[in-house]
Amino acid sequence: MNADDEPRVTITAIAREAGVSVPTVSRVLNGRSDVAPDTRERVEELLRHHGYRRRGSRTVRRANLVDLVFNDLDSPWAVEIIRGVEDVGHAAGVGTVVSAIHSESSSTRQWLQNLRDRASDGVIVVTSHLTPPVHAQLRRLNVPVVVVDPAAGVPGTDVPAIGATNWAGGLSATEHLLGLGHRRIGFVAGPTHLLCSRARLDGYRAALEHAGVPLDDRLVQPGDFYHASGFAAGAALLELDNPPTAIFAASDQMAFGVYEAVRRRGLRVADDVSIVGFDDLPEARWASPPLTTVRQPLVEMGRLAARTVLRLAQGETIESPRVELATELVVRDSTARPAAG
């Protein structure tokens with residue numbers, strides 16, 4: 001007898017075991033919201049336990065689609081994550097639906113409605129806060145979730161999170177500049193609401209403290225990971241009465257903005273001001289001069305997130321709720337010893 005000939009558990013049997021009506025089980029299967037949370041959880045657990053299959057389908061809610069959700073998509077950083085997710089998806093025969101949504105917005109509500117209409121095997125949320133209402137909706141739909149670079153910490157033990165060693169990366173970038181002899185080191189920070197941004201700043205501060213270099217708050221400028229904010233921050237740092245001899249930007253895009261600020265002052269990158277970035281985007285090696293940066297394994301982060309969410313979709317248990325992949329300093333030509341005098 002092949003798998004398709006095996007006896008299938010019925011909705012009636014599930015309802016009897018759960019102590020609810022058949023229409024209640026049907027509402028759970030269809031993702032309806034008018035079911036008490038405790039009842040929904042009990043029914044969903046029985047459906048998983050019995051491996052309930054809809055007639056004419058292999059498994060419950062297997063859509064062969066994974067949703068990949070960003071706050072925005074206008075970044076080479078996002079492209080690298082997408083590459084990693086699609087690598088795994090293609091190998092598994094699973095498509096990727098890429099969306100840009102914002103918390104508690106109409107786009108979020110529309111996305112959730114689309115999810116109810118077409119189903120999904122899992123959701124990967126990138127650099128965004130998984131709000132309790134959205135998480136609750138996904139639980140009702142029985143859709144597993146993985147978060148990449150969570151904005152506000154690990155969302156919960158039932159939501160795996162994938163990140164990188166941002167603190168160690170910030171430390172190594174600053175130690176590199178200190179090792180070259182720099183003592184006035186500027187820092188261009190990322191968005192303060194993101195854990196990864198705060199960790200990179202903390203790594204910068206820790207390196208200065210370990211080297212006995214006092215932290216000058218004027219050397220820390222705000223940014224948002226994008227080119228324009230790097231340019232503005234770089235210009236502000238170079239206008240100081242005692243400007244830095246080196247600048248560490250918390251993203252490659254901001255580092256490229258600092259490049260432009262340095263050039264507009266008639267200065268030269270490395271010869272006059274050393275610059276370090278963070279990410280190691282493909283264009284970092286083609287910059288002029290090539291950018292010294294902290295390599296963040298963006299593609300592998302996407303791959304791991306995809307593998308994790310597909311494992312959850314198959315009912316597997318994830319051993320660790322939080323995984324951090326190692327960063328690595330890549331030294332190129334944008335850093336040098338400080339100019340004499």
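Draft legend 1. Inspection of the pairing of strand E1 (residues 65-70) at higher detail. Within E1, five of the six residues are buried, which leaves it mostly tucked inside the rest of the structure. Both E1 and strand E2 (residues 95-100) contribute to a ladder of six bridges, which runs parallel. Its bridge partner lying in E2, phenylalanine 70 is registered against alanine 100. Tracing the backbone out of E1, into helix H4 (residues 76-92) and back to the parallel element E2 gives a crossover that is right-handed. Of the strand pairs in this sheet, E1 and strand E3 (residues 122-126) are connected by four bridges, and their pairing is parallel. Its bridge partner lying in E3, aspartate 67 is registered against valine 123.

Draft legend 2. Up close: the nonpolar core. Phe187, Val188, Tyr204, Phe248 and Ile275 are the most contacted members of the largest nonpolar core, which has 42 residues in total. Listed by contribution, the elements that provide at least two residues to this core are helix H7 (166-179), strand E6 (185-188), helix H8 (195-211), helix H9 (227-238), strand E8 (246-249), helix H10 (252-264) and strand E9 (274-279). Considering each element in turn, this core owes the most residues, seven residues, to H10. In this structure, Leu68, Ile82, Val148 and Leu281 belong to the second largest nonpolar core, which totals 25 residues.

Draft legend 3. The arrangement of the packing of aromatic side chains in detail. On inspection of all chains with the given rule, the structure shows three aromatic pairs. An angle of 70° between the planes, with centres 5.2 Å apart, marks the rings of phenylalanine 187 and phenylalanine 248 as edge-to-face. One end of the pair, phenylalanine 187, is in strand E6; the other, phenylalanine 248, is in strand E8, and 61 residues separate them in sequence. On the accessibility criterion, phenylalanine 248 (0% relative accessible area) is buried. An angle of 90° between the planes, with centres 6.1 Å apart, marks the rings of phenylalanine 256 and tyrosine 259 as edge-to-face. Of the two residues, phenylalanine 256 and tyrosine 259 are both situated in helix H10; the distance of three residues between them amounts to about one turn of the helix.

Draft legend 4. Focus on unusual backbone geometry. Residue proline 289 is reached from serine 288 by a cis peptide bond, and omega for that bond is -5°. Considering the arrangement of structural elements, one finds proline 289 in the loop between E9 and strand E10 (292-295). A positive phi angle, close to 60°, is found at asparagine 142, a residue other than glycine. Accessibility expressed as a relative area gives 32% for asparagine 142, which makes it partly exposed.

Draft legend 5. Main features of the environment of arginine 303. Relative to the helices and strands, arginine 303 resides in helix H11 (residues 298-313). Owing to a relative accessible area of 28%, arginine 303 belongs among the partly exposed residues under this scheme. Linking arginine 303 and arginine 83, residues 220 residues apart in sequence, is a C-alpha distance of 8.1 Å. Among residues more than four places away in sequence, those in contact with arginine 303 are Gly84, Val85, Asp87 and Val88.

Draft legend 6. Broad picture of H7. In this model, H7 (14 residues) spans 20 Å end to end at C-alpha, consistent with the 20 Å of a helix rising 1.5 Å per residue. Turning to H7, its buried residues number three or more, namely Asn166, Gly169, Gly170, Leu171, Ala173, Thr174, His176, Leu177 and Leu178. After H7 finishes, the residue glycine 181 shows a positive phi value of roughly 110°.

Here is what the cut-offs are and how they apply
Residues numbered from 1 in each chain as written. Predicted model: local features only at pLDDT ≥ 70, side-chain atom pairs only at ≥ 80, totals over all residues. Heavy atoms only, no water. Buried < 20%, exposed > 50% of the residue type's maximum accessible area, 1.4 Å probe, protein only. Helix = DSSP H or I, 4+ residues; strand = E, 2+ residues; numbered from the N terminus. Pairing = 2+ DSSP bridges. Right-handed = clockwise from strand over helix to strand, strands pointing away. Core = buried A, V, L, I, M, F, W, Y, C linked by side-chain atoms within 4.5 Å. Phe/Tyr/Trp six-rings, centres within 6.5 Å; stacked < 30°, edge-to-face > 60°. Contact = heavy atoms within 4.5 Å. Expected span 1.5 Å × (residues − 1).

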